[in-house]
Amino acid sequence: MLILLSVCTLIIVLATLLPFVRITHWSVRGLDFPRLQILFLASALAIAHLLFLTSESVAALVMLAATLICVLVQLCWVLPYTPFWRQEVKSAPLESGNSSLSVITSNVLKTNRNSAALIALVKEYKPDILVTLETDAWWEEQLSVLEPVMPHTVKCPLDNLYGMHVYSKLPFIKQELAFLVEEDVPSVHVTVSLQCGREVRLHCLHPAPPSPTENEESTERDAELLVVAKRVAQTQGPIVVTGDLNDVAWSTTTRLFRKISGLLDPRVGRGMFNTFHAGYFFLRWPLDHLFHSEHFTLKKMQRLPSIGSDHFSLYTELAFSPKVGADQDGVDSTQADKERAGEIVNAAEAGVSVSDVPS
């Protein structure tokens, strides 16, 4: 029993400490994702220590202390995404009139053929904007039935799991299809006009994840997020960023994105809204996101029913209420954060791992 608990403790400690190291390999960055699961495992391990090991043993006390520290560390990462934390974004005023903006973000899974389920969700929730990810030519044809109601579109059908489509009831003032970091990974950037006449800049992203089958390093994903963060920081006016970022809400990269961009996360103080993996309830984390500037407050955020994809769709309804939201605060950046962001972007442009860039 001592040997078994010792091995389990070592695994939990490594899983907790490795994400703090500036290593961009997928095997390390992947440990950012299951922090909630590691928290539960560490808690169960601490109970096992108390039940099966004698408190008179120095080794047992050391392992118990190490395990409890891991519990606290993991808790610090995930606790902001629970109702036990102060809400970062205010709830919207009861009367928002024609100044609201509603978005469904949906990674459909390219091989999924249940387009009727997504179309039904759109008809039920009636979003102003639908952002679809992993959509190919087949999905584009199926979703064409939405165009009479959502006539403003940007379409990029691809067979490489990075196709992207944007459908909107609101007119586009400007629109751009870009390949910011990788030549086969698109992003969409549009300026929409709300019914009240105010223009909003919308960035739709789906960077490639660090994984053994795609990018071995997280450099490309991190760089795309930070390129957009820098653009946002230089933009005046209302801004929304949404998509499957292939990163969890609590990771160091997403936190750096929020610091550089200055955008707010409506999940903080409300919940995790875990959108992946739809097929395994015990392996879920928040991969699909919506961030926004302080011009907005939150009317509603909801994880939608399954459409047969490995992701749940995410519905978010914001209210344009700049006076109410003027004193909303996100996470502040330091000079070190800005330098780190620059390192990541420069490394991606140079084609090297961020781990190889001196701090």
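Model, not experiment: these values are computed from the prediction.

1. Considerations on the packing of helix α3 (residues 35–52) against helix α4 (residues 58–78)
Here α3 crosses α4 at 155°, and the two axes come no closer than 9 Å. Considered as vectors, α3 and α4 are oriented roughly antiparallel to each other. Like other packed secondary-structure pairs, α3 and α4 cross with a definite hand, here left-handed. On α4, the residues that touch Arg35, Leu36, Ile38, Leu39, Ala42, Ser43, Leu45, Ala46, His49 and Leu50 of α3 are Met63, Leu64, Thr67, Leu68, Val71, Gln74, Leu75, Trp77 and Val78.

2. Details of unusual backbone geometry
The step from phenylalanine 276 to histidine 277 runs through a cis peptide bond, and the omega angle for that step is 5°. Here histidine 277 shows up in the loop between α8 (252–261) and β9 (288–292). Its identity is not glycine, yet leucine 109 carries a phi of approximately 65°, on the positive side. Residue position: leucine 109 is located in the loop between β1 (100–107) and α5 (115–125). Despite not being glycine, phenylalanine 273 shows a phi value in the positive range, around 50°. Checked against the element boundaries, phenylalanine 273 lands in the loop between α8 and β9.

Criteria and thresholds
Residues numbered from 1 in each chain as written. Predicted model: local features only at pLDDT ≥ 70, side-chain atom pairs only at ≥ 80, totals over all residues. Heavy atoms only, no water. Axes fitted to C-alpha atoms, helices over the stretch in contact; angles between N-to-C directions. Helix = DSSP H or I, 4+ residues; strand = E, 2+ residues; numbered from the N terminus. Parallel < 35°, antiparallel > 145°, perpendicular 65-115°, else oblique. Left-handed = near helix turned anticlockwise from the far one by under 90°. Contact = heavy atoms within 4.5 Å.

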